[in-house]
Amino acid sequence: LLGAVAYQLLALWFSMSAGVAAQGMGVRILTQLVRLPVPTWEQLEAMRTYAGSWEGLRPQKMLRVPFVSSIAEAFQGKAERRP
């Protein structure tokens, strides 16, 4: 009987230790390994557009639906490759 109680307490101790270790590793993964990249000032400047470039566009480019032209070009490329 004493052996069973000791085994129960040891199992409880190991399970609590494993839970604490798993929680700590989960926090580490969320804070260090899966961190979102923060852009540098140069990257922000490179992706910025200026009003002058917007005013120089044709109306067709101003009123376009995003991503539709790239999808249409992909379909045209596939159609041209077919025999």
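Each value, and the rule that gives it
- Residues numbered from 1 in each chain as written.
- Predicted model: local features only at pLDDT ≥ 70, side-chain atom pairs only at ≥ 80, totals over all residues.
- Heavy atoms only, no water.
- Helix = DSSP H or I, 4+ residues; strand = E, 2+ residues; numbered from the N terminus.
- Patch = residues over 30% accessible without salt bridge, like charges linked within 9 Å, V, L, I, M, F, W, Y side chains within 5 Å.
- Areas by Shrake-Rupley, 256 points an atom, 1.4 Å probe, with all protein chains shown as cover.
- Salt bridge = Lys/Arg side-chain N within 4 Å of Asp/Glu carboxyl O.
- Buried < 20%, exposed > 50% of the residue type's maximum accessible area, 1.4 Å probe, protein only.

Visitor: Explain the overall build of the protein to me, please; I cannot follow it from the model alone.
Guide: Along the protein, the regular secondary structure elements total 5 helices and 0 strands. Projected onto the principal axes, the alpha-carbon positions of the protein cover approximately 85 × 45 × 20 Å.

Visitor: Is there a simple way to think about a nonpolar patch on the surface in this case?
Guide: A cluster of nonpolar side chains, L1, V5, L9, L12 and M16, forms an exposed patch at the surface whose accessible area comes to about 580 Å². Following the sequence through the fold, L12 ends up in helix α1 (residues 2–33).

Visitor: Would you explain the pattern of salt bridges in this entry?
Guide: Pairs can form between side chains of opposite charge once their charged atoms are near each other. Under the counting rule described, the total for this entry stands at 1 salt bridge. A salt bridge links R48 to E45; the nearest nitrogen and oxygen atoms lie 3.4 Å apart. The partly exposed category is assigned to R48, whose relative accessible area is 43%. Classification of E45 as partly exposed rests on a relative accessible area of 26%.

Visitor: Got a minute to help me understand the environment of Q23 in this structure?
Guide: Considering the arrangement of structural elements, one finds Q23 in helix α1. Given the relative accessible area of 55%, Q23 is considered exposed. Expressed as a C-alpha distance, the spacing of Q23 and F67, which sit 44 residues apart in the sequence, is 41 Å.

Geometric descriptors of this kind do not, in isolation, establish any biological role.
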